[in-house]
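# Remarks on the overall topology
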Amino acid sequence: MPAPAFRAAATRVRVPATSANLGPGFDAFGLALGLYDDVVVRVSDSGLHVDIAGEGADTLARDERHLVVRSMRAAFDRLGGQPRGLEVVCANRIPHGRGLGSSSAAIVAGITAARAVTVGGPELLDDAAVLALASEIEGHPDNVAACILGGFTIAWTESGDEARAITLAPSPDVVPLVFVPSNPVLTEVARGLLPATVPHADAAANVGRAALLVEAVTHRPDLLLPATEDRLHQDYRTPAMPESAILVAVLRSQGVAAVISGAGPTVLALTDEATAEKALGEAGPDWAAHRLALDLEGACVLPLSG
């Protein structure tokens, strides 16, 4: 493969927050949400300069260790070669360590930006290859699929660990709410609480609820409460996020389809116009409660202004 050529102009990429699992769809379902990180990248003559504003500005590395940069490097390798230098500016709005897909957003932003600044990038690294690389870096496809494609996504792996995904349009009547606690929970900690095996009855129950959830999210929001019941992961993770489990229980007792978002500790509630404001009122002072839009576009390249 000949060495790639790079665009001189800066490129801006926007990527959405995501919520994975949605209750029973463990490691398979994802939902893109209207909360965004922006990354601006310019190919320079030499070196690496990273600037960060917003979430993680005081803690994230500003060198080759930064996840956006690492993802760009991986993408450039697939595209045929590295540029001489890079300038990367990150405006982060997605909370870190809260189960809203911040790492997936960084990965997808890096890959998308690398493809965008490479001449012929979309032909050299098509959408399927973007999903495959993002899943390889993240370790599973659920969040990255929703971040790339937008909407309500179903992701899976085929033989050889090849990541695949489809996106479906969620019903416009679905109103997502997120309840974000002040303290994070590491994904590794939450995953470490999961058992190696689960009862057959629990697995069977989740299969039925996950199938129902596809219909509930896309066409029948009135079925969201029963469709979001889960037996595979949320109860096992309660010791790491007891306050989140309590809030989920309180909301569900009031008929609100509440679940742990991803590996937590954020709580996601899927509501409608009639119940959204009342549900938001259930958050105490330790929670940042937000009503978000559904993102239907996924990762995209935008003009620098606007």
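Quantities reported herein were computed from a predicted structural model and do not represent experimental measurements.

Broken down by element type, the protein carries 11 helices and 11 strands. For the protein, the C-alpha radius of gyration of 19 Å lies close to 19 Å, the compact-globule estimate for 306 residues. Counting only C-alpha atoms and orienting by the principal axes, one finds that the protein spans roughly 60 × 45 × 35 Å. Among the 306 residues that make up the protein, the fraction classed as buried is 49%. For the protein, the exposed surface amounts to about 13400 Å²; the carbon and sulfur share of it is 55%. Both charge centroids of the protein, one from 22 positive and one from 36 negative side chains, sit 3 Å from each other.

It is at 10 Å that the axes of helix H2 (residues 102-117) and helix H4 (residues 127-138) come closest, and there the two elements cross at 140°. Put simply, H2 runs oblique to H4. Between H2 and H4 lies a crossing of right-handed hand. Mapping the contact onto sequence places Ser 103, Ser 104, Ile 107, Val 108, Ile 111 and Arg 115 in H2 and Asp 127, Val 130, Leu 133, Ala 134, Ile 137 and Glu 138 in H4. Considering only residue class, the contact of H2 with H4 consists of seven nonpolar, two polar and three charged.

A few words now on the side chain of Thr 218. As for its placement among the helices and strands, Thr 218 is situated in helix H7 (residues 200-218). A distance of 2.6 Å separates the side chain of Thr 218 from the backbone oxygen of Val 214, its partner in a polar contact. Those residues in contact with Thr 218 that lie beyond four places of it in its chain are Phe 152, Leu 168, Ala 169, Pro 170 and Ser 171.

Every other side chain in a regular strand lies on the same face of the sheet, so the side chains alternate between the two faces. With five of five residues buried, strand E9 (residues 267-271) lies mostly within the body of the structure. With burial as the criterion, each face of E9 is covered, one bearing Val 267, Ala 269 and Thr 271 and the other bearing Leu 268 and Leu 270. By the bridge criterion, five bridges tie strand E7 (residues 175-181) to E9 in an arrangement that is antiparallel. Across the sheet, the residue bridging to Leu 177 is Ala 269, located in E9. Remark: six residues form the turn of the hairpin made by strand E8 (residues 257-260) and E9, two consecutive strands paired antiparallel; Gly 262 in that turn has positive phi of roughly 60°.

Attention shifts here to the sheet that holds strand E10 (residues 287-291). Strand pairing in a sheet takes place through backbone hydrogen bonds and is either antiparallel or parallel in direction. An order of E8-E9-E7-E10 is seen for the four strands of this open sheet, with the pairing classed as antiparallel. Of all strands in the sheet, those bounded by a partner on one side alone are E8 and E10. This sheet shows a mean twist of 20° between the axes of neighbouring strands, independent of strand direction. The pairing of E7 with E10 spans five bridges and is classified as antiparallel. Looking across to E10, one finds that Pro 181 is bridged to Trp 287. Against the sheet, helix H10 (residues 242-253) touches E7, E8, E9 and E10, its axis set at about 165° to E8.

Another point: H7. Given a rise of 1.5 Å per residue, 19 residues ought to cover 27 Å, and the 28 Å separating the end C-alpha atoms of H7 matches this to within 8%. Taken together, the buried positions of H7 are occupied by Asp 202, Asn 206, Ala 210, Leu 213, Ala 216, Val 217 and Thr 218. Looking at the buried side of H7, the elements it contacts are strand E2 (29-44), strand E5 (152-158), strand E6 (162-168), helix H8 (224-227) and helix H9 (234-237).

On to the pattern of salt bridges. Within this structure, the stated rule accounts for 15 salt bridges. Asp 38 is the partner of Arg 12 in a salt bridge, and the nearest nitrogen-oxygen pair spans 3.0 Å. Of this pair, Arg 12 sits in strand E1 (residues 11-20) while Asp 38 sits in strand E2, and the two are 26 residues apart along the sequence. An identical accessibility class is assigned to Arg 12 and Asp 38; each is buried. With a closest N to O distance of 3.7 Å, Arg 84 and Asp 45 form a salt bridge. In this pair, Arg 84 is assigned in the loop between helix H1 (67-79) and strand E4 (85-92) and Asp 45 in the loop between E2 and strand E3 (47-54), connecting sequence segments 39 residues apart.

Conventions we followed
Residues numbered from 1 in each chain as written. Predicted model: local features only at pLDDT ≥ 70, side-chain atom pairs only at ≥ 80, totals over all residues. Heavy atoms only, no water. Helix = DSSP H or I, 4+ residues; strand = E, 2+ residues; numbered from the N terminus. Rg over C-alpha atoms; globule rule 2.2 N^0.38 Å. Buried < 20%, exposed > 50% of the residue type's maximum accessible area, 1.4 Å probe, protein only. Areas by Shrake-Rupley, 256 points an atom, 1.4 Å probe, with all protein chains shown as cover. Lys, Arg positive; Asp, Glu negative; His and termini not counted. Charge placed at Lys NZ, Arg CZ, Asp CG, Glu CD. Axes fitted to C-alpha atoms, helices over the stretch in contact; angles between N-to-C directions. Parallel < 35°, antiparallel > 145°, perpendicular 65-115°, else oblique. Left-handed = near helix turned anticlockwise from the far one by under 90°. Contact = heavy atoms within 4.5 Å. Nonpolar A, V, L, I, M, F, W, Y, C, P; charged D, E, K, R; others polar. Polar contact = N/O pair within 3.5 Å; in protein donor to acceptor, adjacent residues only side chain to side chain. Pairing = 2+ DSSP bridges. Expected span 1.5 Å × (residues − 1). Salt bridge = Lys/Arg side-chain N within 4 Å of Asp/Glu carboxyl O.

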